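Below, each chain spelled out in residue letters.
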Amino acid sequence: MSRALPILNALGCLILTGLVILQWNKERRLNTTLDEVKTELSNSIEQATTESKRGKMLDQDIAVLKESLEITQQANDATTRSLQSKETLANELESKLAAANAQLELWRTAIDTRDEKLRALNQELTATRARLDDAIAKLKASAAKE
């Protein structure tokens, strides 16, 4: 039995060495997996930070777009009001122009009527002047005979 003990001891040492090597390999694989997980975690954190920053930038862009939209809407409303007031003014001016044109036609008609009367009176005056000249000539002729 005294020889069996060193053999058993050697076998035990070999088994323990094998167990240590197996444990060491397992630890190495776990460390490799742990390093990979740490790398993935680091990448995930970095990506989450990047996405968070991007989200904040998008939120800022949305806020700017909303503000721009409000300003554009206000400008559109102001332009619409201005256009409506200009349309109202144009309608008023159009009706005043129509009234002025109607008045102008009345005046033209009145002027044409007046011109016709003046022509008729001028013809009457010319005829009267001719009769007056005739009468004066007859008077002079009769005064010269006497």
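Here, every reference points to the structure presented above.
These figures come from a predicted structure and were not determined experimentally. (Residues numbered from 1 in each chain as written. Predicted model: local features only at pLDDT ≥ 70, side-chain atom pairs only at ≥ 80, totals over all residues. Heavy atoms only, no water.)

### Some points on the overall build of the protein
On a plain count of helices and strands, the protein comes out with one helix and zero strands. Its C-alpha atoms give the protein a radius of gyration of 61 Å, more than 25% over the compact-globule value 15 Å for 146 residues. With respect to the three principal axes, the spread of C-alpha positions in the protein is 205 × 20 × 15 Å. Put simply, the protein has 146 residues, and 0% of those count as buried. Positive and negative side-chain charges in the protein, numbering 21 and 22 respectively, have mean positions lying 2 Å apart. (Helix = DSSP H or I, 4+ residues; strand = E, 2+ residues; numbered from the N terminus. Rg over C-alpha atoms; globule rule 2.2 N^0.38 Å. Buried < 20%, exposed > 50% of the residue type's maximum accessible area, 1.4 Å probe, protein only. Lys, Arg positive; Asp, Glu negative; His and termini not counted. Charge placed at Lys NZ, Arg CZ, Asp CG, Glu CD.)

### Some words on a nonpolar patch on the surface
Taken together, the side chains of Leu5, Ile7, Leu8, Leu11 and Leu14 present a nonpolar region at the surface, about 540 Å² in accessible area. Summarising the element assignment, Leu14 is placed in helix 1 (residues 4–145). (Patch = residues over 30% accessible without salt bridge, like charges linked within 9 Å, V, L, I, M, F, W, Y side chains within 5 Å. Areas by Shrake-Rupley, 256 points an atom, 1.4 Å probe, with all protein chains shown as cover. Salt bridge = Lys/Arg side-chain N within 4 Å of Asp/Glu carboxyl O.)

### Let's talk about the pattern of salt bridges
The full count for this structure, using the stated rule, is five salt bridges. In this structure, Arg108 and Glu105 form a salt bridge, with 3.2 Å as the shortest nitrogen-oxygen distance. Pair noted here: Arg108 and Glu105 are both in helix 1, with a separation of three residues, about one helical turn. Looking at Glu105, the relative accessible area reads 44%, which means it is partly exposed. The partner of Arg119 in a salt bridge is Glu116, and the shortest N-O contact between them spans 2.7 Å. In this pair, Arg119 and Glu116 both sit in helix 1, three residues apart, roughly one turn of the helix.

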